[in-house]
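Chains, contacts and geometry: an overview
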Amino acid sequence: LEDSDSKSELKRDLLTMTRIVDQLLKVAQLEAFILETDQHADLCAIATDAASRLGHLAVDQGKSISVIAPEKPVFVHGDSIILQHGLTNLVENALSHTPKGKTVEITVKAGGTIHVDDEGPGVPEADRTLVFQRFWRKSRNSSGAGIGLSIVSKIAEAHGGSIQVSSSPKGGARFSLVLRSTL
């Protein structure tokens, strides 16, 4: 294609379709996922890794990511790779709703909870159960497919945990992934 606008639009569409296919494959994998009884994951390491992997995306958008975590590891009963995918979805979602110049904050709590706070518009109470339904989107004009938060919900369920959304002390949304600590 000679038209650079057409090329850019086509590339953007291709990236969107690739992400949707990847997420649908992850949904299919989670349907068959069985957590082994001896698997443990360090939430501090997962949070730090997610922030470092997504840092370039935040910087490109004029935003930042911070991690607040205990000095000691916080171990939970879980699969590190699957939990990493879930936290990545939460942080990407938070970045998409956070205004330029603001910060997405990942907080790891000693009891096995991770909070992801943004400074966006928040999630109205009426939508708080809907956001975890597959393919649900508040607006059809958004770039997402409505799969990411349903994946996080499946990941929490597969780990015997839960995911909730509430208002953030930062003014936006707070997504809390609650898992079983292995102290």
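Here, the structure is the one placed above.
Summarised in this report is the structure supplied together with it. (Residues numbered from 1 in each chain as written. Predicted model: local features only at pLDDT ≥ 70, side-chain atom pairs only at ≥ 80, totals over all residues. Heavy atoms only, no water.)

Things to note about the pattern of salt bridges
The condition that has to hold: Salt bridge, as used here, is a side-chain nitrogen of Lys or Arg placed within 4 Å of a carboxyl oxygen of Asp or Glu. By definition, any uninterrupted DSSP run of H or I lasting at least four residues is a helix, any uninterrupted run of E lasting at least two residues is a strand, and each is numbered from the N terminus.
Tallying each qualifying case throughout the model produces 5 salt bridges. In this structure, Lys102 and Glu119 form a salt bridge, with 3.9 Å as the shortest nitrogen-oxygen distance. A residue pair is termed long-range when its members are at least 10 positions apart, and Lys102 in the loop between helix 3 (80-97) and strand 4 (103-109) and Glu119 in the loop between strand 5 (113-117) and helix 4 (148-158) qualify at 17 residues. Linking Lys170 and Glu119 is a salt bridge whose minimum nitrogen-to-oxygen distance equals 3.3 Å. Linking Lys170 in the loop between strand 6 (162-167) and strand 7 (173-178) with Glu119 in the loop between strand 5 and helix 4, this pair joins segments that are 51 residues apart in sequence. Each member of the salt-bridge network shares a partner with another, and the members are Lys102, Glu105, Glu119 and Lys170.

Digging into the sheet that holds strand 2 (residues 64-68)
Short version of the rule: In this scheme, strands are said to pair when DSSP sees at least two bridges between them. The convention used is that axes are lines fitted to C-alpha atoms, helices contributing only their stretch in contact, and that angles between N-to-C directions extend from 0 to 180 degrees. We call two residues contacting when some pair of their heavy atoms lies within 4.5 Å.
Here we have 5 strands laid out as an open sheet, ordered 2-4-5-7-6, and mixed in their pairing. Each having just a single partner strand, strand 2 and strand 6 make up the two edges of the open sheet. Going from strand to strand, the sheet's axes swing by 15° on average, the running direction of each strand aside. When strand 5 meets strand 7, the two strands line up antiparallel, connected through 5 bridges. Within strand 7, the position partnered with Thr113 by the bridge is Val178. Across the sheet, helix 2 (residues 43-60) touches strand 2, strand 4 and strand 5, and the angle it forms with strand 2 is around 170°. Of the strands in this sheet, strand 6 and strand 7 are in contact with helix 4, which crosses strand 6 at around 130°.

Regarding helix 2
To be explicit about the condition: The span expected for a helix works out to 1.5 Å for each residue beyond the first. To get the bend at a given residue, fit one axis to the seven residues ending there, fit another to the seven starting there, and take the angle between those axes. Each residue gets one of three labels from its accessible area relative to the maximum for its type: buried under 20%, exposed over 50%, partly exposed in between, using a 1.4 Å probe on protein chains only. N or O atoms within 3.5 Å of each other form a polar contact, as long as, within protein, one can give a hydrogen and the other can take it, and as long as residues adjacent in sequence are counted only when both atoms are side-chain atoms.
Taking 1.5 Å per residue as the helical rise, helix 2 with its 18 residues ought to reach 26 Å, and the 26 Å between its terminal C-alpha atoms agrees with that figure. A bend of about 45° at Leu54 is the largest found in helix 2. Among the residues of helix 2, Leu43, Cys44, Ile46, Ala47, Ala50, Ala51, Leu54, Gly55 and Ala58 are the ones counted as buried. As for helix 2, its buried residues are in contact with strand 1 (40-42), strand 2, strand 3 (75-77), helix 3, strand 4 and strand 5. The backbone nitrogen of Cys44 has a side-chain oxygen 3.0 Å away, supplied by the residue at the start of helix 2, namely Asp42. Downstream of helix 2 by one or two residues, Gly62 has phi in the positive range, about 75°.

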